[in-house]
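What the coordinates show
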Amino acid sequence: MNFETLIYHQEGHIGTLTINRPQALNALNETVLKELTSFTEQIQSDRNIRVLIITGSGEKAFVAGADIKAMQGMSPKEAEDFSMVAQTAFNAVENLPFAVIAVVNGFALGGGCELALSCDIILASGKAKFGLPEVTLGLLPCFGGTQRLPRAIGLYKAREMVFSGDFYSAEACKDFGFVNHVFAPEELLNEALKLAKTIASRGPVAVAKAKQSLNTGSELHISEGLKQEAALFGALFTTQDHSEGIGAFIEKRTPDFQGN
Ligand code: CO8
């Protein structure tokens, strides 16, 4: 895979994607967003990948937002289109058929915070700062922030973050409920890899279907969500992984899932 603004590295079942524009604190211009969509298209059917880590290049930032310099002088139509390019990329991240962990090593602002919110799990360094500062620019979050954040933490906390435009510490965001864990900066990546290895050792199809049930279920009436859950559960009984998982339990051994 050859990208201008992304670095991809894979070890075993764990892929790591680094947003790489350190000179602009990894700000998201159109190239990054299009490459992100193209990257998801290339890996989504790769059965070897079980967990994807997304992080930012350098010490300072995960992603400091949309590229503000690229926004200057945009027409309303160009701005709307830019927003859709980002939404397409983040929807693609959200819908990847395996777990995606945001490893937030520094600033996660605007589009950066919204990118993290399209991931399944958010792990942050103690020095990370999150925020949706769009209103400080006379704008509103448009890469999914006004939709994913209230679904994640509720309308009241989301309104505070969106209306104030303030930066929040990783600990405050953990209290808000959208950061899973906060680690010392030097421990963050190792802790992320530890969690990634645990998830990668579980039944890959089961994780994919559980993700589908969790993500789409929250948009459904509970009775529809429960029906979908039962159907996805039933579908797992067509997999070799379920025979392996149950067989391994009965034989008192560690399962060796193949992801089929
Ligand atoms: N876009 C472009 N360049 C950026 C961005 C950004 N979002 N953030 C930082 N940079 C650049 C700086 O301009 C600077 O470049 P240069 O050295 O050439 O001047 C370099 O990165 C380093 O940044 P600073 O010198 O500012 O570093 P500091 O440590 O002093 O400050 C901050 C770090 C606090 C992160 C500061 O850079 C900052 O406030 N950045 C902007 C954060 C922000 O407002 N993000 C939200 C953007 S809006 C958004 O994401 C969604 C709206 C989408 C609308 C799109 C529709 C068209």
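All of these numbers come straight from a predicted model, not from anything done at the bench.

**Observations concerning the domain arrangement of the protein chain**
Domain boundaries assigned for the protein chain yield domain 1 (6-200) and domain 2 (204-250). Listed by partner, the interface residues are 11 residues for domain 1 and 6 residues for domain 2. Across the contact surface, domain 1 and domain 2 share 2 salt bridges. Close ionic contact of Glu-219 with Arg-151 constitutes a salt bridge, the shortest N to O distance being 3.1 Å. Where domain 1 packs against domain 2, one counts 5 residue pairs in polar contact (both at pLDDT 80 or more). Only helix 3 (76-94) and strand 5 (99-104) provide two or more residues apiece to the side of domain 1 that touches domain 2. Across the side of domain 1 that touches domain 2, the residue classes break down as 7 nonpolar, no polar and 4 charged.

**Here we look at the nonpolar core**
Grouped together as the largest cluster of nonpolar side chains are 52 residues, with contacts concentrated most on Leu-52, Ile-54, Phe-62, Val-104, Ile-122, Phe-130 and Phe-178. With 6 residues, the top contributor of residues to this core is helix 3. The residues contacting Ile-122, other than those within four sequence positions of it, are Ala-102, Val-104, Ala-116, Leu-117, Phe-130, Phe-178, Val-179, Asn-180 and His-181. Counting residues in hydrophobic clusters, the runner-up holds 14 residues, among them Ile-53, Ala-99, Phe-183 and Ala-200.

**What to know about the pattern of salt bridges**
Side chains carrying opposite charge are able to pair once their charged atoms draw close together. Scanning the model with the defined rule gives 10 salt bridges in all. Between Glu-30 and Lys-34 there is a salt bridge; the shortest N-O distance is 2.8 Å. Placement of the pair is Glu-30 and Lys-34 together in helix 1 (residues 30-43), with a separation of 4 residues, close to one helical turn. The class of Lys-34 is partly exposed, set by a relative accessible area of 48%. Via salt bridges that share partners, Glu-244, Glu-251 and Arg-253 belong to a single interconnected network.

**Overview of the packing of helix 5 (residues 145-153) against helix 6 (residues 155-164)**
Two elements in contact, helix 5 and helix 6, have axes whose closest approach is 7 Å; the angle formed by their N-to-C orientations is 135°. The angle between helix 5 and helix 6 places the two elements in the oblique class. The element helix 5 and its partner helix 6 pack so that their crossing is right-handed. Across the interface between the two elements, Leu-149, Pro-150 and Ile-153 from helix 5 touch Leu-155, Lys-157, Ala-158 and Met-161 from helix 6. Looking at the contact of helix 5 with helix 6, its residues break down into 6 nonpolar, no polar and 1 charged.

Criteria and cut-off values
- Residues numbered from 1 in each chain as written.
- Predicted model: local features only at pLDDT ≥ 70, side-chain atom pairs only at ≥ 80, totals over all residues.
- Heavy atoms only, no water.
- Domains from an automatic or database assignment.
- Contact = heavy atoms within 4.5 Å.
- Salt bridge = Lys/Arg side-chain N within 4 Å of Asp/Glu carboxyl O.
- Polar contact = N/O pair within 3.5 Å; in protein donor to acceptor, adjacent residues only side chain to side chain.
- Helix = DSSP H or I, 4+ residues; strand = E, 2+ residues; numbered from the N terminus.
- Nonpolar A, V, L, I, M, F, W, Y, C, P; charged D, E, K, R; others polar.
- Core = buried A, V, L, I, M, F, W, Y, C linked by side-chain atoms within 4.5 Å.
- Buried < 20%, exposed > 50% of the residue type's maximum accessible area, 1.4 Å probe, protein only.
- Axes fitted to C-alpha atoms, helices over the stretch in contact; angles between N-to-C directions.
- Parallel < 35°, antiparallel > 145°, perpendicular 65-115°, else oblique.
- Left-handed = near helix turned anticlockwise from the far one by under 90°.

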